[in-house]
Amino acid sequence: MSATDFTRLRPATRLVHGGAMRSGFGETSEALFLTQGYVYASAEEAEARFKGESPGFVYSRFSNPTVAMFEERMALLEGAEAARATASGMAAVTAALMSLVKAGDHVVAARALFGSCLYIVDEWLPRFGVTSTLVEGTDLAQWRAAMRPNTKACFLESPTNPQLDVLDIAAIAEIAHAGGAKLVVDNVFATPLLQSPLKLGADVVVYSTTKHIDGQGRCLGGAILAARELIDGVIHNILRQTGPTISPFNAWVMLKGLETLPLRVNQQCASAARIADALADLPVVARTLYPFRADHPQVALARKQMNAGGTVVCFEILGGKQAAFRFANALGIVKISNNLGDAKSLITHPATTTHQRLAPETRATMGITEGMLRLSVGLEDVDDLLDDIAQAARAAA
Ligand SMILES: *Cc1c(COP(=O)(O)O)cnc(C)c1O
């Protein structure tokens, strides 16, 4: 079946079959091509391959059959013209942003970014003469005011980490385009199943496939999805020449992860919604943030822009850091870790880990308090998770 036929099929089917290429052995499961290079039948064939006149693989820094299967399956899932895989989510974010700017350009980004993304925008790009302005992502007036004639890229995550603010992707895409800039969306928290930024007007979508796409805490990986012109042009060249390449083994793990992504994410969203409601009922919990709950500040937008509330719940324990630590330490099934999107439920105290590097005032503006905890809901039986949370709440109180 050709790739174009897959566009008629529903996501779960694309995720099982999309992009599969079989070798002469006719293997059922996608093959893992652990090879650096490729041999050519003749010197003429090598010449044609290097000139791009004959299709095929040249060197695994930039092309490998297992990686190509993963990229094709990602593009089919996202409804993107093309995709490239990278060694990590940060490699994807860095290459995507660098593909859009050069010295003298300007970037506008929401302040509530994953820590390393914030570093790229706020500290790394300025070293190369690319300035940036950080805005409160939910405030469209701030996006408009930050745009300059040399703004070439806007960048956001939604829902944000850890506060789970929901940003209006369609409205921000319009602001970016009106100013001649492209919008890059880090879609990790929503996953490709819950939110389609390209359909909302974004130009580039990036993933840390380390999260839900592996989904079982094994390998790092990333992906960039966009129009073919951008992917096959400047992004391909950045990746080819600078080498943040995903290992074929990691790409194979991700490829197989995609087969079960809908089963896992649907289950995790259902559990997260129940856990959010249970947390909100606990006397020791001051505030619960979950995008599909009626008390979420952007619930209407979340319901318009996403298919479900996501797999992460954020909440605030009364009693600050000490009570939050007592809660985390009392959990038995839920593990303390800074990761997310895993089969195992994981709890994070952002103020002392993922967002520790920020100045206390910056954390305060972002709403990251000392009592805040972020829970990434895994695949355990939800009733066991609810019991674990209830006993930890008693310990924290
Ligand atoms: C984890 C994460 C990243 C970085 O991904 P790595 O695979 O760890 O490099 C970027 N953005 C978001 C929102 C993330 O959660």
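Residues numbered from 1 in each chain as written. Predicted model: local features only at pLDDT ≥ 70, side-chain atom pairs only at ≥ 80, totals over all residues. Heavy atoms only, no water.

Counting buried positions along strand β7 (residues 222–226) yields five of five residues, so the element is predominantly enclosed. In β7, alternate side chains face the same way, and those of Gly222, Ile224 and Ala226 on one face and Ala223 and Leu225 on the other are all buried. Relative to β7, strand β1 (residues 82–86) runs antiparallel, the two sharing five bridges. Across the sheet, residue Thr86 finds its bridge partner in β7, namely Gly222. As paired strands, strand β6 (residues 204–208) and β7 are joined by five bridges and run antiparallel to one another. (Buried < 20%, exposed > 50% of the residue type's maximum accessible area, 1.4 Å probe, protein only. Helix = DSSP H or I, 4+ residues; strand = E, 2+ residues; numbered from the N terminus. Pairing = 2+ DSSP bridges.)

This part is about the domain arrangement of the protein. Looking at the assigned domains, one finds that the protein contains domain 1 (9–255) and domain 2 (261–396). Once you take the C-alpha centre of each, domain 1 and domain 2 turn out to be 27 Å apart. Taken together, the contact pairs 38 residues of domain 1 with 38 residues of domain 2. When domain 1 packs against domain 2, close to 3000 Å² is buried across both sides, 63% of that on carbon and sulfur atoms. (Domains from an automatic or database assignment. Contact = heavy atoms within 4.5 Å. Buried area = accessible area lost by both parts, 1.4 Å probe.)

In terms of burial, strand β5 (residues 182–186) is a largely internal element, four of the five residues being buried. Examined bridge by bridge, strand β4 (residues 151–157) and β5 share five bridges and lie parallel to one another. Pairing of Cys154 across the sheet is with Leu183, part of β5. In this view, the connection linking β4 to its parallel neighbour β5 by way of helix α8 (residues 169–178) has right-handed handedness. The pairing of β5 with β6 spans three bridges and is parallel. Paired with Val185 across the bridge in β6 is Val205. (Right-handed = clockwise from strand over helix to strand, strands pointing away.)

This brings us to helix α6 (residues 115–124). An α-helical turn contains 3.6 residues, so a residue and the one three or four places further along point in the same direction. Residues Cys117, Leu118, Ile120 and Val121 constitute the buried set of α6. The arc that holds every buried residue of α6, seen down its axis, measures 155°, which confines them to one face. Turning to α6, the residues buried within the fold contact α5 (89–100), β2 (106–110), β3 (131–135), β4 and β5. (Arc of directions from axis to C-beta.)

Our focus in this paragraph is the site of the ligand. Around the ligand sit 13 residues in total, of which Gly89, Asp186, Ser208, Thr210 and Lys211 are the nearest. In this structure, Ser208 approaches the ligand through a side-chain N or O atom, which is 2.8 Å from an oxygen atom. Between the ligand and Lys211 there is a distance of 2.7 Å, counted from an oxygen atom to a side-chain nitrogen or oxygen. Here the residues of the shell around the ligand sort into five nonpolar, five polar and three charged. (Near = heavy atom within 4 Å. Polar contact = N/O pair within 3.5 Å; in protein donor to acceptor, adjacent residues only side chain to side chain. Nonpolar A, V, L, I, M, F, W, Y, C, P; charged D, E, K, R; others polar.)

With that settled, consider the pattern of salt bridges. Think of it this way: side chains of opposite charge can pair up when their charged atoms draw near. Scanning the entire structure with this criterion turns up 16 salt bridges. With its nearest N and O atoms 3.0 Å apart, the salt bridge here joins Arg49 to Glu45. Of this pair, Arg49 and Glu45 both sit in helix α3 (residues 43–51), four residues apart, which is roughly one turn of the helix. The exposure class of Arg49 is buried, given its relative accessible area of 15%. Where Glu123 meets Arg357, a salt bridge forms, and the shortest distance between an N and an O atom there is 3.3 Å. (Salt bridge = Lys/Arg side-chain N within 4 Å of Asp/Glu carboxyl O.)

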